[in-house]
Amino acid sequence: MRASGGSLYYLSRAAITEGSEQVTLVVRDKNTGLVLSRLPQMRNQDYTIQYTEGRVLFNRPLLSVAGDGLLINPTPLAGNPVYV
């Protein structure tokens, strides 16, 4: 799912099996969709999860875009999209 700039995310299903999750932040190229980077997240360090409700709460808000290395960008949200 696309990161929204917030810290609370709802999974598509509830009642997740405890300990079965793999949470990773993925940055994709805005033009090609190719994966540029992956950052695995650790439970209770980077996020907490409510298994019965299907909610993931990150310890900090997630950026919706990651910098693309350009010094001047014509749009306010320029950069590459971030996914959870």
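Preceding block: the structure.
Residues numbered from 1 in each chain as written. Predicted model: local features only at pLDDT ≥ 70, side-chain atom pairs only at ≥ 80, totals over all residues. Heavy atoms only, no water.

1. Describing the overall build of the chain
- The secondary structure content of the chain amounts to zero helices and seven strands.
- Reading the chain from its N end, one meets helices and strands in the order β-β-β-β-β-β-β.
- When each of the 84 residues of the chain is scored for burial, the buried share is 27%.
- As displayed, the chain has an accessible area near 5900 Å², and 54% of this comes from carbon and sulfur atoms. (Helix = DSSP H or I, 4+ residues; strand = E, 2+ residues; numbered from the N terminus. Buried < 20%, exposed > 50% of the residue type's maximum accessible area, 1.4 Å probe, protein only. Areas by Shrake-Rupley, 256 points an atom, 1.4 Å probe, with all protein chains shown as cover.)

2. Here we look at the nonpolar core
- Ranked by size, the top nonpolar core spans twelve residues in total: Ala-3, Tyr-9, Val-23, Leu-25, Val-27, Tyr-47, Ile-49, Tyr-51, Val-56, Phe-58, Leu-62 and Val-82.
- Listed by contribution, the elements that provide at least two residues to this core are β2 (24-28), β4 (47-50) and β5 (55-58).
- In this structure, Phe-58 is in contact with Ser-7, Tyr-9, Val-23, Leu-25, Gln-41, Asp-46, Tyr-47 and Val-84, ignoring residues within four places of it in sequence. (Core = buried A, V, L, I, M, F, W, Y, C linked by side-chain atoms within 4.5 Å. Contact = heavy atoms within 4.5 Å.)

3. With respect to the pattern of salt bridges
- Within the structure shown, the criterion is met by two salt bridges.
- Salt-bridge contacts for Glu-21 lead to Arg-43; the nearest nitrogen and oxygen are separated by 3.8 Å. With Glu-21 in the loop between β1 (8-10) and β2 and Arg-43 in the loop between β3 (35-40) and β4, this pair connects stretches of sequence that are 22 residues apart.
- A salt bridge links Glu-53 to Arg-55; the nearest nitrogen and oxygen atoms lie 3.0 Å apart. (Salt bridge = Lys/Arg side-chain N within 4 Å of Asp/Glu carboxyl O.)

4. Some thoughts on the sheet that holds strand β7 (residues 80-83)
- Overall, antiparallel pairing links the four strands, which are arranged β3-β2-β7-β6 in an open sheet. Where the open sheet ends on each side, the last strands, each with one partner, are β3 and β6 (65-66).
- As paired strands, β2 and β3 are joined by five bridges and run antiparallel to one another. Looking at β3, one finds that Val-27 is bridged to Ser-37. (Pairing = 2+ DSSP bridges.)

5. Quick word on the packing of aromatic side chains
- Inspection of every chain in the model, using the stated rule, returns two aromatic pairs.
- Ring centres 5.7 Å apart and planes at 85° place the aromatic pair Tyr-9 and Phe-58 in the edge-to-face group. Taken together, the residues Tyr-9 in strand β1 and Phe-58 in strand β5 connect sequence positions 49 residues apart.
- With relative accessibility at 5%, the residue Tyr-9 sits in the buried group.
- The exposure class of Phe-58 is buried, given its relative accessible area of 3%.
- Summarising the aromatic geometry, the rings of Tyr-47 and Phe-58 are spaced 6.1 Å apart at their centres and angled 55° between planes, so their arrangement reads as tilted. Taken together, the residues span a long stretch of sequence, with Tyr-47 in strand β4 and Phe-58 in strand β5 at a distance of eleven residues. This pair shows no difference in class: Tyr-47 is buried, exactly as Phe-58 is.
- Among the aromatic residues, those joined into a cluster by ring pairs are Tyr-9, Tyr-47 and Phe-58.
- Over the aromatic face of Tyr-83 sits the side chain of Arg-2, whose NZ or CZ is 5.7 Å from the ring centroid. (Phe/Tyr/Trp six-rings, centres within 6.5 Å; stacked < 30°, edge-to-face > 60°. Lys NZ or Arg CZ within 6 Å of the ring centre and 35° of its normal.)

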